[in-house]
Amino acid sequence: MAADRLLPAVEVEEHIYTFEPAHNGAGPMWGNASTCIVRLGEDVFASGLETIPDASPLNNVRWMLFKRAKTGWEVLLRDPKGRTREPCPLACLPDGRLFLSANPTLTDPSAASGPAAPQVLEFSTADPRAAANTLSPVWDGKPAFSEHSYRSFAADGLNRELVLFQNIGYTHAEWSFHDRSGKWSSQGRLQWPWGAGYEEPVPVRLCYPAVMLKDRAVYWCGVSDIVEPNKTWRAYKKELTGRNWDYDLRRLFFSFCPDIRSGKFRDWIEIASREKTGGWIFPCDIWVSPDGSVHILWAERALDERLRPKFFPEEKQTFALNYAVVRDGKVALRTPLALGGEGASSEIPGSGRFQVTPDNRLFVIYYCSGKDANGKAFAENRAMEVFPDGSHGDPVLVPLERPFTSFINATVRGGCAPAYILDMLGTTSLPGISYARVNLRSKILARFDIVTHRDATGSRVELDGSQCIATKGKVVAWRWDIGGVAASGTKVSRVFDRGGPLKITLTAMDEKGNRSETTRSVVLPPAPGDFGLKQWSAAVRTEAGSFVREGGGAIHVRNDKMGASGLSLSHWNTKGHWLEWEVDIPRQGDYFLLFHYATPENATRVLLIDDKAQALLNFPSTGGYGSDITDHWGFAKLTGAGVRPLATHRSRGRYRMRLENQDGAGLNLDYLDWIPAGNMELQDAAVPFRRVVDNGYPYLLPMRGILAPSRINAEIGHCYTVRLGPNYPGDGMPGIPPSNLRLFEDGKELGPAHLVHTEIRETGQGRFAHWKDFLYFSASDNSDPRTNGKRYEWVISEGAQ
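Summary of the structure given here. Owing to the predicted nature of the structure, the values given are computational and were not obtained by experimental measurement.

1. Examining the sheet that holds strand β47 (residues 612-619)
Stage number 1. Strand order across the open sheet formed by five strands is β41-β44-β50-β46-β47, with antiparallel pairing between neighbours. Where the open sheet ends on each side, the last strands, each with one partner, are β41 (549-551) and β47. The average undirected angle you get between the axes of adjacent strands in this sheet is 25°.
Stage number 2. Of the pairings in the sheet, the one linking strand β46 (residues 603-609) to β47 comprises seven bridges and is antiparallel in character. Bridge pairing in β47 places Leu607 opposite Ala615.

This is the structure:
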């Protein structure tokens, strides 16, 4: 009988908790392959970390135990007195017992580090709030445990047995085995492989392991984690970082013990290495199939980018999710499941996990990001099946609204039963830790695309449900709930005159009556109705990258943020750091202020115009700073005492606008729009503007700018550069007419323009070129424009762009 088709349907997406950074070198996902989520029947439990107020690192967090209820996740228990550093993994047994591995410190609260006492807490799933039974593992002697446990906790659910490994320094791991009779009956040491090939031979400490216990056999796979053994590389890294240490993470080792009661582990096998190119390897998962084959999954990067320019300039950077099979103590198969990078693909695979089903099908669930074949950025989770012969199927999208960038799953290694239900716990675009439940073999899958367009009256939302799939037969009905408004059909469209969050639910049905429901949310940008307007009039845009002065810090100007209008600003996280712009208002009137920004935390900025304080601006968290593949941009309005937008009256002319960091919170800024309360006509503007219409949203882009000294970079000789950004293309851009940018020094025009860079570098004296989106220029007297105290202003004449 043919196996069911892989058709992942997302049944639940939920946020569990947020946490304050503990700054102790760990975090909720630091435990890697030791799971913090388990499923017993219909019950799902998770462990988490809570930062203890006023506690000092390193032991400044405590464990929390969660259970998923009908109304969402609830906290069952918190550690009432213990302090620790690392996540506390879970295990479960079919008889209803739940176990949590803890490593409470024995130190005084004033101590940064010191001894710890490993313990396993036993709960009953029938009454998980009841006091736990503390199981104290029995060890071989008195090991000197500390808060740096790098521990792994595994369970054999069918045989009701547990094993705990915990590192001791750089030499070995201690282990203790809890048998089915309830005793810690066997103990021992797992000695690390010996790094005989290093310039100074040392034990190769292994960390972040994936461990499986099955029929009293233990299978162990970890990555090297020692101070950089290559002396030349170590010295160069110190030049870059200023640190004497930097860990390698580039050799993957495997060993196993046929019967843990004997304590006799087989010789180490090196599964993979990036020792020649200084790359990076990280273990993801391990599973033992019924025939005894050991399946190993790991992530791999070819090069250390810090070392690349000096040591490997000709090598290609690649990223892989790799898979190996070990049989009879030997590597029988080694192959990439997903590969990206230079010479491969622009789709970059991240880490992954195994999901094992009751009929022993093996699936790999992983994160992937990058750009698709059309050059569009994406970030998503995927699933693929790995077949017994080592081949694999095509990846299939796991249609999460918020994909997991890092996650663990309810795994057989934690005692969970094999299942087609995938329980995921990890990090998404939301702050903190989230959960998802995915059915890998649904009969029908509801999916839809959302496309939003801004137009003159608001936002047009177009929904397309044609991607819905039925395993057998056809999808015959589509029912929509769009913000509480019902609709039907494969494709629907609606216009909204106000911005804000919009929840959309699609229910799809096939010929046999099978249903699938999926919900997605989208945040619509501000619309005219939010400002009491019927339609947009052209706003005056102030690009963040056009600031003219700064003080109290050093901003970073970026051209790599997905969804940015042009250049954007980052690293604005110092209290008192201010930025100043010169803003030209072409017509007298009332203006609303709209900011396009991103921040993972709530932030405030003081707004001053011509040195007069106007308001304290609040920027709520957007979930992150964004990246080249993730869009975290949001909007904030200048408001009055309530939430109503506040208009500010401005006469025609030039103003100095300053924003000052009030609280030390980070904020990325893309642009500020001055939205007129009435119709905006250019009339006789003092400076040129270019009128731009972005999906029906009109704005005026100033065609002048002042070069902030902090933005000027020395190039070669007399030449200096400033990036003007993609909104100001110059010579050398396909399809763009020659630039007629004019450059002024203290009001005196410089030139000649359009010169080759060599002449600017060697001769200087005011020569310049507007090449692509950069300005290459020199001072009239060949002085340093960053320090000569002169004002440099550029203007692009009307019709130049």
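On we go from here.
2. A short note on the pairing of strand β4 (residues 61-69)
Stage number 1. Here seven bridges tie strand β3 (residues 43-51) to β4, and the two strands are oriented antiparallel to one another. The partner of Glu50 across the bridge, within β4, is Arg62.
Stage number 2. Of the pairings in the sheet, the one linking β4 to strand β5 (residues 72-78) comprises six bridges and is antiparallel in character. Bridge assignment links Phe66 to a residue of β5, and that residue is Val75.
Stage number 3. Counted along the chain from β4 to the antiparallel partner β5, the turn is two residues long.

3. What to know about the nonpolar core
Stage number 1. Counting 46 residues, the largest nonpolar core has Leu252, Phe254, Ile271, Ile286, Ile296 and Val364 as its most contacted members.
Stage number 2. Here the element with the most residues in this core is strand β20 (residues 280-288); it accounts for six residues.
Stage number 3. If we ignore the near neighbours within four places in the chain, the residues touching Leu252 are Cys221, Gly222, Val223, Ile269, Glu270, Ile271, Ala272, Ile281, Pro283, Ile296 and Trp298.
Stage number 4. In this structure, Leu579, Leu607, Phe619 and Phe689 belong to the second largest nonpolar core, which totals 34 residues.

4. Observations concerning the environment of Leu502
Stage number 1. Residue placement: Leu502 occurs in strand β38 (residues 500-510).
Stage number 2. Residue Leu502 is classed as buried on the basis of its relative accessible area, which comes to 6%.
Stage number 3. Counting along the chain gives 20 residues from Leu502 to Ile482, while the straight-line C-alpha distance between them is 7.4 Å.
Stage number 4. When near neighbours in sequence (up to four residues on either side) are disregarded, Leu502 contacts Val461, Ile482, Gly483, Phe496, Arg520, Ser521, Val522 and Leu524.

5. Examining helix α1 (residues 231-241)
Stage number 1. Residues of α1 that are buried: Trp233, Tyr236 and Lys237. Projected down its long axis, α1 carries its buried residues within an arc of 100°, all on one side.
Stage number 2. Structurally, α1 contributes buried residues whose contacts are with α2 (308-311).
Stage number 3. The distance from a side-chain oxygen at the start of α1 to the backbone nitrogen of Thr232 is 3.1 Å, and the residue carrying that oxygen is Asn230.
Stage number 4. Immediately beyond the C-terminal end of α1, within one or two residues, lies Gly242, with a positive phi of roughly 80°.

6. A short note on unusual backbone geometry
Stage number 1. At the junction of Pro57 and Leu58, the peptide bond is cis and its omega measures out at 15° in the coordinates.
Stage number 2. Relative to the elements of secondary structure, Leu58 occurs in the loop between β3 and β4.
Stage number 3. The omega angle of the peptide bond from Gly751 to Pro752 is 0°, so this bond is cis rather than trans.
Stage number 4. Among the structural elements, Pro752 can be located in the loop between β58 (748-749) and α3 (757-762).
Stage number 5. If you check the backbone angles, Arg160 has positive phi at about 60° while not being a glycine.
Stage number 6. Within the secondary structure, Arg160 sits in the loop between β10 (152-156) and β11 (161-168).

7. What to know about the packing of aromatic side chains
Stage number 1. In this structure the tally under the stated criterion is 35 aromatic pairs.
Stage number 2. With a centroid separation of 5.6 Å and an interplanar angle of 45°, the aromatic rings of Trp192 and Trp220 are classed as tilted. Separated by 28 residues along the polypeptide, Trp192 in the loop between β13 (184-191) and β14 (194-195) and Trp220 in strand β17 (residues 217-224) bring together distant segments of the chain.
Stage number 3. Overall, the relative accessible area of 7% leaves Trp192 in the buried class.
Stage number 4. Three or more aromatic residues joined by ring pairs make a cluster, and in this case those are Phe165, Trp192, Trp220, Phe253, Phe265 and Trp268.
Stage number 5. Note that Arg205 overlies the ring of Tyr170, its terminal NZ or CZ placed 4.1 Å from the centroid.
Stage number 6. Across the ring face of Phe448, the terminal group of Arg520 is positioned such that the distance to the ring centre comes to 5.4 Å.

Each value, and the rule that gives it
- Residues take numbers from 1 onward in each chain, read along the sequence in its written order.
- Under the rules for a predicted model, residues below a pLDDT of 70 receive no local features and side-chain atom pairs below 80 are neither given nor counted, while totals for whole chains, interfaces and linings still include all residues.
- Based on all heavy atoms of the structure, the side-chain values leave hydrogens and waters out of the count.
- Two strands are said to pair when DSSP picks up at least two bridges between them.
- In this description a helix means any DSSP run of H or I spanning at least four residues, a strand means any run of E spanning at least two, and both kinds are numbered starting from the N terminus.
- Only the contacting stretch of a helix is used when fitting its axis, a line to C-alpha atoms as for every element, and angles between N-to-C directions run 0 to 180 degrees.
- Buried Ala, Val, Leu, Ile, Met, Phe, Trp, Tyr and Cys residues that are joined via side-chain atoms within 4.5 Å together make up what is termed a nonpolar core.
- In this scheme, a residue with accessible area under 20% of its type's maximum is buried, one over 50% is exposed, and one in between is partly exposed, where area comes from a 1.4 Å probe on protein chains only.
- It only takes one pair of heavy atoms within 4.5 Å for two residues to be counted as in contact.
- Throughout, the arc means the angular range of directions from the helix axis out to the C-beta atoms.
- Each polar contact in these results corresponds to two N or O atoms within 3.5 Å; when the atoms are within protein, one needs to be able to donate a hydrogen and the other to accept it, and residues that are neighboring in sequence are counted only if both atoms are side-chain atoms.
- Between 30 and 60 degrees the pair is tilted, below 30 it is stacked and above 60 it is edge-to-face, where a pair is any two Phe, Tyr or Trp rings, Trp via its six-membered ring, whose centres lie within 6.5 Å.
- Note on criteria: charge over ring means Lys NZ or Arg CZ within 6 Å of the ring centre, with the direction from the centre no more than 35 degrees off the ring normal.

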